[in-house]
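Here is what each chain is made of, one letter per residue.
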Amino acid sequence: MGPKRAELLARLGVETVGALALHLPRAWEDRSETPPGRGVPADAPLVLRGRVMDSLQRRAGPHLILTVARVNVPGHGEVEAVWFKRPSRRYDVFTGLKKDLAPGTDLWLVGRGEPGLLKVRRIDVDEHFRVDDPRAALHVGGLVPRYAATEGLSERFLREAVGQALEEVLPSLGEDLPPALLARRELLARPQALRAVHRPRSRAELEQGRRRLAYEELLLLGLAWSLKHAQVRQIAKGFGYEVKRSLLTPFKAGLGFELTRAQKRVINELFEDMRLPSPMTRLLQGDVGSGKTVVALAALLLAVENGRQGAFLAPTEILADQHYWTFRRFLAGLPVRFELLTSGVPKAKRERVLRQLEAGELDLVVGTHALLEGDVRFKNLALAVIDEQHRFGVRQRTTLRQKGAALDLLLMTATPIPRTLALALYGDLDVSTLDEMPPGRAPVRTEHAPEERALEAVRRAAAAGRQAYVVYPIINESARLDLKAAVAEYERLKAGAFAGLRTALVHGRMPGAKKVGAMEDFAAGKTDVLVATPVVEVGVDVANATVMVIQNADRFGLAGLHQLRGRIGRGEHAGSCYLVSEPRTDTARRRLQVLCETNDGFRIGEEDLKLRGPGEALGTAQHGELGFEAADLSRDSDLLDAARSDAEALIREDPDLNLPENAGLRARLVATYRDKWKSIDLA
Ligand code: ADP
Ligand code: MG
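Residues numbered from 1 in each chain as written. Chains lettered and ligands numbered in written order. Predicted model: local features only at pLDDT ≥ 70, side-chain atom pairs only at ≥ 80, totals over all residues. Heavy atoms only, no water.

Caption draft 1: A look at the side chain of E447. Summarising the element assignment, E447 is placed in strand β15 (residues 445-448). Residue classification places E447 among the buried residues on the basis of a relative accessible area of 14%. If near-sequence neighbours (up to four positions away) are discounted, E447 is found in contact with R453, C577, Y578, L579 and C596. (Helix = DSSP H or I, 4+ residues; strand = E, 2+ residues; numbered from the N terminus. Buried < 20%, exposed > 50% of the residue type's maximum accessible area, 1.4 Å probe, protein only. Contact = heavy atoms within 4.5 Å.)

Following this line, the structure appears as structure tokens:
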């Protein structure tokens, strides 16, 4: 091929004939010949084969050339084929098309027609092929691959180039996976699989090919995780924890409630892990309200008992401030020195806190991103807790980790991550799960309601001495329009529906102190209703709040809605959540319906994955960085399981993949993860 096209292909990351064969389709289209008498297919293009009778061409405007041919299509009769083309410098439409339209020429036509009619009368042609062209078989007559095309490279060209590459490469293409694995998992050999995805003869064959390639991707990922895990286990912390109970016992006694069984179990898991010679990297999953903070505090106290420091990182100032007050409550009377560090902390105090941290005069610090700054240094930081960890990126975790030598890391999340995704994304983490709610919690009742009904519920709650949130969506806190709307709504409600109630406003662009002040007043019961933007989405804990009204609920994602709803029903009083919204799309309606049906965060996570796909459901770049081409995490959980257990077994038997039968795998692993190592590297 010419240098121009080669350069365009290089932009798609394709530089060799072999790479072309590995450039997978992004979709497939059923281009089977359309049978007569059934009209235009609903979910596939119209595909006709016929003989040109005559044609005419004319300029239909400065940028449009119209070509119409009468084509005799066996079984269908006479069909009018229409091409709309822009004139271009490279391609003379008049002569280019004309030479295929000589009367008597047999053509394949692929295009669109008018739905509804049983008889096809006209086709708007997207692509056409001469039946006598041997390459036509690549483009029509069955399932046809769709490739991501770029400017200057048509799909037609790509299909032909890939087709040719396959002929050249497949015969000599070896197998990278150990044959024993393939046999056990009943997977196609690599050349067969590639042929199946590029030139499938049926949906079933296509799926077989895709699964083989997906398994390969997932196996490589599993191997990477297993190796990483083994590496971390080699690092030594250089000190040991002893469970002294000098702080833990009075802490438990002073809580005012019994820990749940799940909390006790998870605390034990954490302690066991922390006492191992190598650093802990553990994900604590627990649905909203399951009591993760207390568990984290127990782990932090173990560090303090052993003369070490701990840090607790939260994504928002409101949440950090709230955690600080939780510390004050639960650590009252204990000899533990702790402080709050956020960007809102005055300069003089900040400098004092920094000095004390470095001198070891503080045991614990709670804070926001402000903790990550370069001048924050610790004397002997041993445990870092990251709350709502999905709000932080890999880089921020790394920064925090570097503030101590081989420190233990506890990541907490309430964002329900389906198991499949957790395995793929956090494969080298150990996972603990709080699968039990503190006793006496009634599940939150959720309904899709008109606004008036929701506001009435707020008034009723206030009359009974309870409190309520009314939340407006601001997807992007800097979106001025959204903010203006929320402020205006606050004024409207305050003067109208909530007249006589103590109503306050909190949003992300308020100065830190005002924001925190409004939240503290609400927590202290000084206000009845908090009108808020999603700054209250995560973590906020006010047990007396029982009503949550979510305005324009369709503008939130499922995970966001579940988090918001998690702000209520956190105490002895049952909570009600009102979704006020007129959803415009089916998925939006479905989201609200799911929320009304269940309180189970993990089920919600699974639904989210189905509705939005893994990339968006996570809302992070992390997923993209995994770079799967064939694997689809929303439906390949069985493959992921198989691949992971196979990877673990392989590494157990051959820790460095040095056996000859693993040489192919080893080479692929290096090629795949050499550059991507960072994206799966949490250390
Ligand atoms: P989350 O897991 O969402 O972070 P929190 O740690 O904020 O949940 O806990 C929610 C509420 O439940 C807090 O008010 C906390 O004090 C309380 N809580 C935690 N554990 C228990 C328990 N075992 N019994 C009763 N209340 C508890
Ligand atoms: Mg929390």
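Caption draft 2: Here's a closer look at the domain arrangement of the protein. Under the domain assignment, the protein is made up of domain 1 (32-141), domain 2 (190-234 + 631-671), domain 3 (248-276 + 291-413) and domain 4 (445-598). Distance from the C-alpha centre of domain 1 to the C-alpha centre of domain 2: 43 Å. (Domains from an automatic or database assignment.)

Caption draft 3: Looking closely at the packing of aromatic side chains. Tallied over the entire structure, the rule returns seven aromatic pairs. Residues F239 and Y241 carry aromatic rings whose centres are separated by 5.2 Å and whose planes lie at 75° to one another, so their mutual orientation is edge-to-face. Look at F312 and F327: their rings are 5.7 Å apart centre to centre, the planes differ by 75°, and that puts the pair in the edge-to-face class. Residue F312 is located in strand β9 (residues 309-313), and its partner F327 is located in helix α11 (residues 317-330); the two are separated by 15 residues in the primary sequence. Of the two residues, F312 and F327, both sit in the buried class. Feature note: the residues F312, Y324, W325, F327 and F338 constitute an aromatic cluster, connected by ring pairs. Positioned above the aromatic ring of F239, the side-chain terminus of R308 is 3.8 Å from the ring centre. (Phe/Tyr/Trp six-rings, centres within 6.5 Å; stacked < 30°, edge-to-face > 60°. Lys NZ or Arg CZ within 6 Å of the ring centre and 35° of its normal.)

Caption draft 4: Layout of the site of ligand 1. Taken together, 17 residues are adjacent to ligand 1, and G289, K292, T293, R441 and D541 come closest. Taken together, the residues of the shell around ligand 1 sort by class into five nonpolar, six polar and six charged. (Near = heavy atom within 4 Å. Nonpolar A, V, L, I, M, F, W, Y, C, P; charged D, E, K, R; others polar.)

Caption draft 5: How the structure looks around the sheet that holds β9. Sheet architecture is open: seven strands sit in the order β10-β11-β9-β12-β13-β8-β14, paired in parallel fashion. At either margin of the open sheet sits one strand with a lone partner, and together these are β10 (338-341) and β14 (430-434). Ignoring which end each strand starts from, the neighbouring axes of this sheet average 20° apart. Here β9 pairs with strand β12 (residues 381-386) via five bridges, running parallel. What sits directly across from A311, in β12, is A384. Against the sheet, α11 touches β9, β10 and β11 (364-367), its axis set at about 170° to β10. (Pairing = 2+ DSSP bridges. Axes fitted to C-alpha atoms, helices over the stretch in contact; angles between N-to-C directions.)

Caption draft 6: Quick peek at the side chain of H507. One can find H507 in the loop between β17 (503-506) and α17 (512-523). The buried category is assigned to H507, whose relative accessible area is 10%. Apart from residues no more than four positions distant in its own chain, H507 is found in contact with L483, V487, K515, T533 and V535.

Caption draft 7: Here's a closer look at the pattern of salt bridges. A complete count under the given rule lists 59 salt bridges for this structure. Residue R635 is joined to E207 by a salt bridge in which the shortest nitrogen-to-oxygen separation is 3.7 Å. Here R635 is found in the loop between α21 (621-626) and α22 (637-653), whereas its partner E207 is found in helix α7 (residues 203-234), with 428 residues between them in sequence. You can call E207 partly exposed: its relative accessible area is 27%. One salt bridge connects D632 with R635, and the closest N-O pair in it is separated by 3.2 Å. Of the residues examined, D632 reaches a relative accessible area of 22% and is grouped as partly exposed. Among the ionic contacts, a cluster of salt bridges with common partners joins R26, E29, R31, E127, R146, E155 and R159. (Salt bridge = Lys/Arg side-chain N within 4 Å of Asp/Glu carboxyl O.)

Caption draft 8: Structural context of helix α13 (residues 394-401). For α13, the set of buried residues is V394, R397, T398, L400 and R401. With its buried residues spanning 160° around the axis, α13 presents them on a single face. (Arc of directions from axis to C-beta.)

Caption draft 9: Highlighting the sheet that holds strand β18 (residues 529-532). Taken in spatial order, the six strands make up an open sheet running β15-β20-β19-β16-β18-β17, and their pairing is parallel. The open sheet has two free edges, formed respectively by β15 and β17, since each of these has just one partner strand. Ignoring strand direction, the axes of neighbouring strands in this sheet form an average angle of 15°. Sitting on the sheet, helix α16 (residues 480-495) is in contact with β16 (467-471), β17 and β18, with an inclination near 175° to β17.

Caption draft 10: Focus on the nonpolar core. Ranked by size, the top nonpolar core spans 57 residues in total, and within it Y215, L218, L219, L223 and L669 carry the most contacts. Here this core gets twelve residues from one element, more than from any other, and that element is α7. Residues contacting L669, with those up to four places away along its chain left out, are L220, L223, A224, L227, L657 and R674. Of all hydrophobic cores here, the second largest spans 46 residues; its members include F271, L300, F312 and M412. (Core = buried A, V, L, I, M, F, W, Y, C linked by side-chain atoms within 4.5 Å.)

Caption draft 11: Expanded view of the environment of R26. For R26, the location among the structural elements is in the loop between α2 (17-22) and β1 (27-30). Expressed as a C-alpha distance, the spacing of R26 and Y147, which sit 121 residues apart in the sequence, is 5.4 Å. Apart from residues lying up to four places away in sequence, R26 is in contact with R146, Y147, A148 and E155. A polar contact of 3.5 Å, which involves the side chain of R26, links it to the backbone oxygen of Y147. (Polar contact = N/O pair within 3.5 Å; in protein donor to acceptor, adjacent residues only side chain to side chain.)

Caption draft 12: How the structure looks around the pairing of β16. β16 sits mainly inside the fold: five of its five residues count as buried. Two elements, β16 and strand β19 (residues 545-551), share five bridges in a ladder whose sense is parallel. Looking across to β19, one finds that Q467 is bridged to A545.

Caption draft 13: Examining the packing of α7 against helix α23 (residues 663-673) more closely. Contact pair α7 / α23: the axes reach a minimum separation of 10 Å and the direction vectors enclose 80°. The orientation of α7 with respect to α23, classified from their angle, is roughly perpendicular. Facing α7, whose interface residues are E216, E217, L219, L220, L221, L223, A224 and L227, α23 presents L665, R668, L669, T672 and Y673. In terms of residue class, the contact of α7 with α23 is built from nine nonpolar, one polar and three charged. (Parallel < 35°, antiparallel > 145°, perpendicular 65-115°, else oblique.)

Caption draft 14: Structural view of helix α4 (residues 155-169). In a regular helix each residue adds 1.5 Å, so 15 residues correspond to 21 Å; α4 covers 20 Å between its end C-alpha atoms and thus fits that length. With eleven of its 15 residues buried, α4 lies for the most part within the structure. Taken together, the buried positions of α4 are E155, F157, L158, R159, E160, A161, V162, G163, A165, L166 and V169. Packed against the buried residues of α4 are α1 (3-11), α2, β6 (122-130), β7 (143-146) and α6 (190-198). (Expected span 1.5 Å × (residues − 1).)

Caption draft 15: Quick look at unusual backbone geometry. Even without being glycine, A406 reaches a positive phi, approximately 45°. Following the sequence through the fold, A406 ends up in the loop between α13 and β13 (408-413). Take A406: its relative accessible area is 25%, and that puts it in the partly exposed class. If you check the backbone angles, L657 has positive phi at about 50° while not being a glycine. Mapped onto the elements of the fold, L657 is located in the loop between α22 and α23.

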